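So the chains spell out like this:
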Amino acid sequence: MEKSTWLATPNIAVVKYWGKRDSFLNLPDNGSVSVTMDEALKTITTVEFDERLESDLLVLNGRRASAEETARAKKVLDAIRKKAGIFAGARIFSRNNFPTAAGIASSASGFAALACAASDAAGLSPSKRELSIFARLGSGSACRSVFGGFVEWKRGSRQDGSDSYAVQIAPADHWKEIRNVIAITNPERKKIGSARGMEITSRTSKLYPQRVRLAPKVIRMMKRAIRKRELETFLLLTMRESSHLHAVMLDSFPPIIYLNDISRQIMDAVLGYNEARDEICAGYTFDAGPNAHVYTTQKHAGEVRRLLSEIEGVRQTIVCKVGRGPRKLGSSEALF
Ligand code: PMV
């Protein structure tokens, strides 16, 4: 069988997923909305199925993956093997050009790249919907990275997950001025992984049911802002939604706290920037980590980047555009 190499990029949610109704299939309690990043951040993954392999071999950033990481990849691979009717083990090499598991969505690009490369290596030509479902089995947020542009992950209601996948709201060109200025404050791995964090929140937070109830309305408002390119509404909803997520995290027990003093200084700096201009032209959002994603437009991205770089403790800034989604690479770019 041929090996296959794919590139995928992370997505950063503006309406977030945080809580599962099925933790094996990664079925969410609420839908979510995200923007796929361009190739400033990327994962490249090569997959080959080999009858001689007794189990899957996964190498991440040059080192052998842990048993837990390999088990997550196996969920995606098993679904693909079942569909393709093959039993071979897989050899997978994957590389990120950015810090792994530090709240810049490495699992999203990683599992999207795996779903694309493994399906192709298995000889399948899946629809985007099928690819999204394959990617979701590795990491929920990865189902959105199968598309470029602006993306919604539909909650779905079926128990088998067949109606819980991502769809594109609008392609990258629809609103190409949008930028995400990422401020990395702490490149270390997070202490509480998202799966465990979600489990604690959905079990213990008294505010969480309210969040799930509100989500459909927030998603409708966010989709309308994206379709009409209403920047102020898009940014305001993004900031409010980020705070809402971190409020239910804090309301969990034991409390889950991903933000740090630097994150809070970034929030102040962005709010001050908007106030000085008397308009909302930048909006922060934080995932399961202290690193900031500040959405803004091309016009303001340089200034926002400078503003964030001047904050003590911000170690690196990266500016992303809206990306077009995964693509296949040639055999000369294969990782093995
Ligand atoms: O799919 P996971 O397990 O990487 O969880 C992602 C959770 C958030 O990034 C915090 C929110 C989201 O919707 O991407």
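Just so it is clear, the structure is predicted and the values come from calculations on it, not from any experiment.

### Concerning the packing of aromatic side chains
Taken as a whole and judged by the stated rule, the model has seven aromatic pairs. Ring-pair connections join several aromatic residues into one group, and the members of that group are F150, W175, F234 and Y295. Cation over ring: K75 sits above F24, and NZ or CZ is 4.5 Å from the ring centre. Directly above the aromatic system of Y273 lies the positively charged group of R277, at a separation of 3.7 Å from the ring centroid.

### Quick look at the packing of helix α5 (residues 208–227) against helix α6 (residues 231–250)
Put simply, α5 and α6 touch, their axes get as near as 10 Å, and they point 165° apart. Judged by the angle between their axes, α5 and α6 are roughly antiparallel. Considering the relative orientation of α5 and α6, their crossing is left-handed. In contact with Y208, R211, L214, M221, M222, A225 and I226 of α5, α6 contributes T233, F234, L237, T238, E241, H244, L245 and V248. Residue classes in the contact of α5 with α6 are distributed as ten nonpolar, three polar and two charged.

### Overview of the domain arrangement of the chain
Considered domain by domain, the chain is made up of domain 1 (4–172) and domain 2 (178–321). Listed as interface residues are 32 residues of domain 1 and, on the opposing side, 43 residues of domain 2. When the buried area of domain 1 at its contact with domain 2 is split by residue, V14, K16 and W18 rank highest and sum to 27% of it. The interface formed by domain 1 and domain 2 includes two salt bridges. At the junction of domain 1 and domain 2, the tally comes to ten residue pairs in polar contact (both at pLDDT 80 or more).

### Considerations on the nonpolar core
With 50 residues, the main nonpolar core has F150, F234, I266, V294, Y295 and L308 as its most contacted residues. The leading source of residues in this core is helix α7 (residues 261–277), at six residues. Each of domain 1 (4–172) and domain 2 (178–321) contributes no fewer than three residues to this core. Apart from the residues within four sequence positions on either side, F150 is in contact with S34, V35, V167, Q168, I169, A170, P171, A172, W175, I178, I226 and V322.

### Describing the site of the ligand
Surrounding the ligand, one finds 13 residues, the nearest of these being Y17, S139, S141, R144 and S194. Within the backbone of Y17, an N or O atom sits 2.9 Å from an oxygen atom of the ligand. One nitrogen or oxygen atom from the side chain of S194 is found 2.7 Å from an oxygen atom belonging to the ligand. Broken down by class, the residue content of the shell around the ligand amounts to five nonpolar, five polar and three charged.

### Quick notes on the pattern of salt bridges
Per the counting criterion, the structure on display carries 18 salt bridges. We note a salt bridge from K16 to D287, for which the minimum N-O separation is 2.6 Å. Placement of K16 in the loop between β2 (11–15) and β3 (20–22) and of D287 in the loop between β13 (282–285) and β14 (292–297) is noted, with a sequence separation of 271 residues between them. As far as burial versus exposure is concerned, K16 and D287 are alike and both buried. A salt bridge links E241 to R211; its shortest N-O distance comes to 2.7 Å. Residue E241 is located in helix α6, and its partner R211 is located in helix α5; the two are separated by 30 residues in the primary sequence.

### Examining the state of the cysteines
Scanning the model with the defined rule gives zero disulfides in all. For C116, which is in no disulfide, the shortest distance to another cysteine sulfur is to C143 and amounts to 12 Å.

### Quick notes on unusual backbone geometry
For the peptide bond that leads from F253 to P254, omega is 0°, which places it in the cis range. Structurally, the position occupied by P254 is in the loop between α6 and α7. Phi at N61 takes a positive value of approximately 50°, unusual for a residue other than glycine. Take N61: it is sitting in the loop between β7 (57–60) and β8 (63–64). Of note in the backbone geometry, D278 takes a positive phi value of approximately 60° without being a glycine. Looking at the element boundaries, D278 is found in the loop between α7 and β13.

Conventions we followed
Residues numbered from 1 in each chain as written. Predicted model: local features only at pLDDT ≥ 70, side-chain atom pairs only at ≥ 80, totals over all residues. Heavy atoms only, no water. Phe/Tyr/Trp six-rings, centres within 6.5 Å; stacked < 30°, edge-to-face > 60°. Lys NZ or Arg CZ within 6 Å of the ring centre and 35° of its normal. Axes fitted to C-alpha atoms, helices over the stretch in contact; angles between N-to-C directions. Helix = DSSP H or I, 4+ residues; strand = E, 2+ residues; numbered from the N terminus. Parallel < 35°, antiparallel > 145°, perpendicular 65-115°, else oblique. Left-handed = near helix turned anticlockwise from the far one by under 90°. Contact = heavy atoms within 4.5 Å. Nonpolar A, V, L, I, M, F, W, Y, C, P; charged D, E, K, R; others polar. Domains from an automatic or database assignment. Buried area = accessible area lost by both parts, 1.4 Å probe. Salt bridge = Lys/Arg side-chain N within 4 Å of Asp/Glu carboxyl O. Polar contact = N/O pair within 3.5 Å; in protein donor to acceptor, adjacent residues only side chain to side chain. Core = buried A, V, L, I, M, F, W, Y, C linked by side-chain atoms within 4.5 Å. Buried < 20%, exposed > 50% of the residue type's maximum accessible area, 1.4 Å probe, protein only. Near = heavy atom within 4 Å. Disulfide = S-S within 2.5 Å.

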